[in-house]
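Descriptive structure summary
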Amino acid sequence: MIPVELVGVRVEVPANTPMVLLREQEGRHRLLPIYIGTPEASAIHYALEGITPPRPFTHDLFLTTIDELGASVDKIVVTEMRDRTFYAELHLAGTAAGKVISCRPSDAIALAVRCGAALFAGDELLDEHGQEPPEEPEEDAAEIIDEFKDFLDEVNPEDFG
C-alpha cells in the first residue's frame, strides 16, 4: 500500500465528467485520476469546503452509524481497476477492528474527507495506472513577473531604436 493524498475534485473537459485526483505522497508523486459520479463529486467537494448541510447527507449518516456502533474508519485503500472500474476498501477500527468493506472509491473518499482517514492506493494499481506528474516549470511565475518588472524599470526608449 502506498500513501496518497486527495489533490481535489475536478471536472474533465470536454466530457464534463467529474473526477478525483489522488497523488502519491512520497517518491515519484504519481497521479491517479478516478472518474466519479456527480453526486459523489458534490459530496467530496462539500466536505473539502467545510460545508455543513442542514440535514446529514448519506456519507454523514454512514459515519454517524459507524460511530454509534463503536467503530471508526481506520483507512481507505483504492485497491484495483477491473473492467475500467476502480475498487476500494473501507478498513474499520474499534469494535469492528479488522473488518474490511468493499466500496466505490468515490464513497470511500467522501468518508475519508469527513473523518480524516488516511488514503492509500495499491502498489500494483499505481504501477499500472499511475501517471507521472507534469514537469514543473524551471522558474516560478512570481519570479518571472518580478524579473519583467525589473526590466521595465530599467528599459529606455533608446534601447529599441
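In case you missed it, the structure is sitting above this.
Residues numbered from 1 in each chain as written. Predicted model: local features only at pLDDT ≥ 70, side-chain atom pairs only at ≥ 80, totals over all residues. Heavy atoms only, no water.

Within the secondary structure, E24 is located in strand β2 (residues 17-24). On the basis of relative accessible area, E24 is assigned to the buried category, the value being 8%. (Helix = DSSP H or I, 4+ residues; strand = E, 2+ residues; numbered from the N terminus. Buried < 20%, exposed > 50% of the residue type's maximum accessible area, 1.4 Å probe, protein only.)

All right, on to the packing of aromatic side chains then. All told, the structure shown has one aromatic pair when counted by the stated rule. When the ring of Y46 is compared with that of F57, the centres are 5.8 Å apart and the planes differ by 25 degrees; the resulting orientation is stacked. Of this pair, Y46 sits in helix α1 (residues 38-49) while F57 sits in the loop between α1 and α2 (58-68), and the two are 11 residues apart along the sequence. With relative accessibility at 32%, the residue F57 sits in the partly exposed group. (Phe/Tyr/Trp six-rings, centres within 6.5 Å; stacked < 30°, edge-to-face > 60°.)

A word on a negative patch on the surface. Residues E143, D146, E147, D150, D153 and E154 make up a contiguous surface patch of negative charge. In this fold, E143 is placed in helix α5 (residues 141-154). Looking at E143, the relative accessible area reads 41%, which means it is partly exposed. (Patch = residues over 30% accessible without salt bridge, like charges linked within 9 Å, V, L, I, M, F, W, Y side chains within 5 Å. Areas by Shrake-Rupley, 256 points an atom, 1.4 Å probe, with all protein chains shown as cover. Salt bridge = Lys/Arg side-chain N within 4 Å of Asp/Glu carboxyl O. Lys, Arg positive; Asp, Glu negative; His and termini not counted. Charge placed at Lys NZ, Arg CZ, Asp CG, Glu CD.)

By the secondary structure assignment, A41 is in helix α1. Accessibility expressed as a relative area gives 8% for A41, which makes it buried. For the pair formed by A41 and L119, sequence separation is 78 residues and the distance between their alpha carbons is 17 Å. Beyond its immediate chain neighbours, meaning those up to four positions away, A41 contacts V9, P18 and I36. (Contact = heavy atoms within 4.5 Å.)

Here we come to helix α3 (residues 105-115). Burial analysis of α3 places eight of its 11 residues in the buried class, which makes it a mostly covered element. Three or more residues of α3 are buried, namely P105, S106, D107, A108, I109, A110, L111 and A112. Looking at the residues trailing α3, positive phi occurs at G116, about 75 degrees.

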